[in-house]
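# Descriptive analysis of the structure
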Amino acid sequence: MRITPLSLLISASLLASSAFAQDTATVTGIESEISIKQTEYDNSTRILDKHLKEENQLQTQLELLRSRSTELDKEKNQALDAMNEMYRRLIDDPTLDISTTQSRYQKAVVDHKQNKDDISMQLAAIASHRKDIEQIRVAKHTLLNTLESLKEQLTTARVERLRNEFTREGTLEVNHTINCKRTETLAACEQRGQQMGLQKATKRFVDQIFANLTEERLVEPKRNMAGAQVQILSSHVVSSAFSGQGNYNVNLSVTMRGEVNSSRLCNLLSVDNHYCSEYGTPLTAVYQPAYGTTFSDSQLTFSNSADNSATVQVSRLDEPSVSNYTMKPVASNNRVITTNDNNKQVELTLRSNVYDDEVFIDGVSFGSTRLVTSLPRGVHNVEVRKLGYKPYQARVDLNKAQTIHVNLVKKPESIAAPTYTREQTEVTTRQVNENINVLNENVQTAVVVIPAGKFKMGDINGNGLANERPVVEKVIANSFTMQSREVTVGAYEKFVANTGYKTQAEQNKGCAYYLNGEPVWEANLNWRNPGFDQNSNFPAVCLTYNDAKAYAEWLSGQTGQQFRLPNEVEWEYAARAGTETEYPWGNEIGKGLANCGWCGSEWSNKRAAPVGSFSPNAFGLYDTVGNVWEWTNKESGESDIAVRGGAWNFAPSLARASTRLILAPDFRSNYIGFRLVRER
């Protein structure tokens, strides 16, 4: 009997399907849209660069006009003096010709006035140009977010297409022949032949699936990692026969469906695991921040003083310490990162018997008591100072939440300054600036110590924007303190209630929000009503750069400490917290680890989240990834300002540690807030 060659007959459900064609059309459509948006973005970049060059030219011309104004003013004064002198001479000699002197003065006045008019016109041209630049910048940021969002959609579509291609159904017909063993019965030989036929059918089915993958070149080298399997839905013998030579031939028709470990699809496509999290649990690892050792000031010595007394006790915590958090498992190169209890932060509360003292922890000023702060577990040097009092000094082994009651004692050889106890708080009204009169009240803000050090600033991993390059090594010579959370609605409410301050959104045309990927201004939106439901623990948004600075000035006046917006170097150093990855936990955004667009949290693409809803980084800072963009301090001589950190409605790729968006100082939206640093 002649054996028919192995044949593979795949039904249309495997080789061609409207569903799979639709998958490819979706991917192709998104790729086409990305190409269009990329072109628009590149054009906007060129237009912006052109406008910036034109603005520089206008500024240069303005400086020349201002320089000429000085010369013309000098010439006008000299011409006036000359004409006055001629008038005096004219009294003695009426025949004197003064026309030349008059003409000189007239020309000097005309030239001076014309130059003043030119300066006014130049300023108007620059102001108009600035508005154009601001609009182009906002449009460019919108295009960038749209572009990055389309890339998110493209990756999701690619993963879904691959999953569908792996799980498609098909029917094939296969011929298989075996030699019957002398020791087996005909029934056993028949059963073995059919079983081996099924095995060959499933192998051929898997081969055909891989051969027909749209991204076969990318996936095939990782075939052994795919976990691809075949489920036999049905099979029947089309024909079978025994030959005289002891061979058994069977023709099988088998209907099968592919199966794949869907959590591995992302690895096959070399994309972030969070795109596959809905299909199953990715490779497990646990992210925990690793806190550094304590930091001390070598110029200070600390000892227990016999003149000071303090009691240390466990206090009831109003909020959890920065170490009390849980994290969802995320992939980290198959390596499990273990936790270390010594790296956790512990809450320390200090109270004293005087008003307007100053607390130093490890040589860094933390403001006055009552102070509540979080510090790394371990030994810390604590000092409380007050003019006219003996300093309190202690070395505290901080292993659990503690409250220290400090009793400062007056120096007998000096006259102490007037002091107000907690029961006799001084109440005064004073002016912070020309727009803000404040009523003194006790204000507290949670801060963490950012240690001195150095780091690489910019696009370390090559995934960033042009304005993130080149990568530069920066040195932070001294430690500083930074608010652990973004300034909240509740905190800003205290400021407004205390000062009567009105934000620029409340004074002008409201606040911007995203609608269908475009920023839209709505007059009734402001920090009280940002367009989504919020409470006092949400980050304050719809605030301009100047609104943030006004709050910093008020807080400085209330606490006696200097608060300000961080500069970009300080912000990125603090956000990186000793890492060189895109995010504090690695180079993948993961799922549910931050509040940004398509990041998998309950707030993503909906609204801001309450501050501190996610785990802090290694320095104890919350929400440096996503939630809301944060204003940084304006550089000297610059007109515009950078916001950092990403937001709840911006793509994950824009929430990296080095991402920078440049905005005008009067821009406000419901996705921009701020946090402050405190000077030493």
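See the structure printed just above.
Here the residue numbers are simple positions, counted from 1 along each chain's written sequence. Confidence filtering applies because this is a predicted model: local features only for residues at pLDDT of at least 70, side-chain atom pairs given and counted only at 80 or more, and all residues used for totals across whole chains, interfaces and linings. Side-chain numbers here rest on the full set of heavy atoms in the structure, without hydrogens or water.

## Let's talk about the environment of Arg675
Strands are runs of DSSP state E lasting at least two residues, helices are runs of H or I lasting at least four, and both sets are numbered from the N terminus onward. Among the structural elements, Arg675 can be located in the loop between strand 24 (672-673) and strand 25 (677-678). For Arg675, a relative accessible area of 1% translates into the label buried. Spatially, the C-alpha atom of Arg675 lies 9.8 Å from that of Ala540, the residues being 135 residues apart in sequence. Two N or O atoms count as a polar contact when they lie within 3.5 Å, although within protein this holds only if one can serve as hydrogen donor and the other as acceptor, and sequence-adjacent residues are included solely when both atoms are side-chain atoms. A distance of 3.2 Å separates a polar atom in the side chain of Arg675 from the backbone oxygen of Gln483. Within the local environment of Arg675, its side chain forms a polar contact with the side chain of Glu630, the two groups lying 2.9 Å apart. Buried residues are those whose accessible area, probed at 1.4 Å on protein chains only, stays under 20% of the maximum for their type, while exposed residues exceed 50% and partly exposed ones sit between those limits.

## Brief notes about the side chain of Arg158
Here Arg158 lies in helix 3 (residues 99-166). Classification of Arg158 by relative accessible area gives buried; the value is 16%. Every residue pair with non-hydrogen atoms within 4.5 Å of one another is taken to be in contact. Excluding residues that lie within four positions of it along the chain, Arg158 makes contacts with Val27, Glu215, Leu218, Leu269 and Val271.

## Examining the pattern of salt bridges
Salt bridge, as applied in this entry: a Lys or Arg side-chain nitrogen positioned within 4 Å of an Asp or Glu carboxyl oxygen. Tallying each qualifying case throughout the model produces 31 salt bridges. One salt bridge connects Glu40 with Lys37, and the closest N-O pair in it is separated by 3.5 Å. With Glu40 and Lys37 both in helix 2 (residues 18-92) and three residues apart, this pair spans about one turn of that helix. The exposure class of Glu40 is partly exposed, given its relative accessible area of 32%. Judged by relative accessible area, Lys37 falls into the buried class, the value being 18%.

## With respect to the pairing of strand 3 (residues 247-259)
Within strand 3, 10 of the 13 residues are buried, leaving the element largely enclosed by the surrounding structure. Bridge analysis of strand 1 (residues 169-179) against strand 3 gives 11 bridges, and the strand direction is antiparallel. Paired with Gly170 across the bridge in strand 3 is Met256. Any two strands between which DSSP finds at least two bridges are classified as paired. Pairing between strand 2 (residues 229-242) and strand 3: 12 bridges, direction antiparallel. Across the sheet, the residue bridging to Ser240 is Val250, located in strand 3.

## Remarks on the nonpolar core
In this structure, Tyr492, Tyr551, Trp629, Trp631, Tyr671 and Phe674 are the most contacted members of the largest nonpolar core, which totals 66 residues. If one sorts the elements of this core by residue count, helix 9 (residues 545-559) sits on top with seven residues. Discounting residues that sit within four places of it in the chain, Tyr671 has contacts with Tyr514, Val541, Val628, Trp629, Ala647, Trp648, Asn649 and Phe650. Only buried residues count toward a nonpolar core. Its members are Ala, Val, Leu, Ile, Met, Phe, Trp, Tyr and Cys residues joined through side-chain atoms within 4.5 Å. Formed by 29 residues, the second largest nonpolar core is a distinct cluster that contains Leu162, Val174, Ala201 and Val271.

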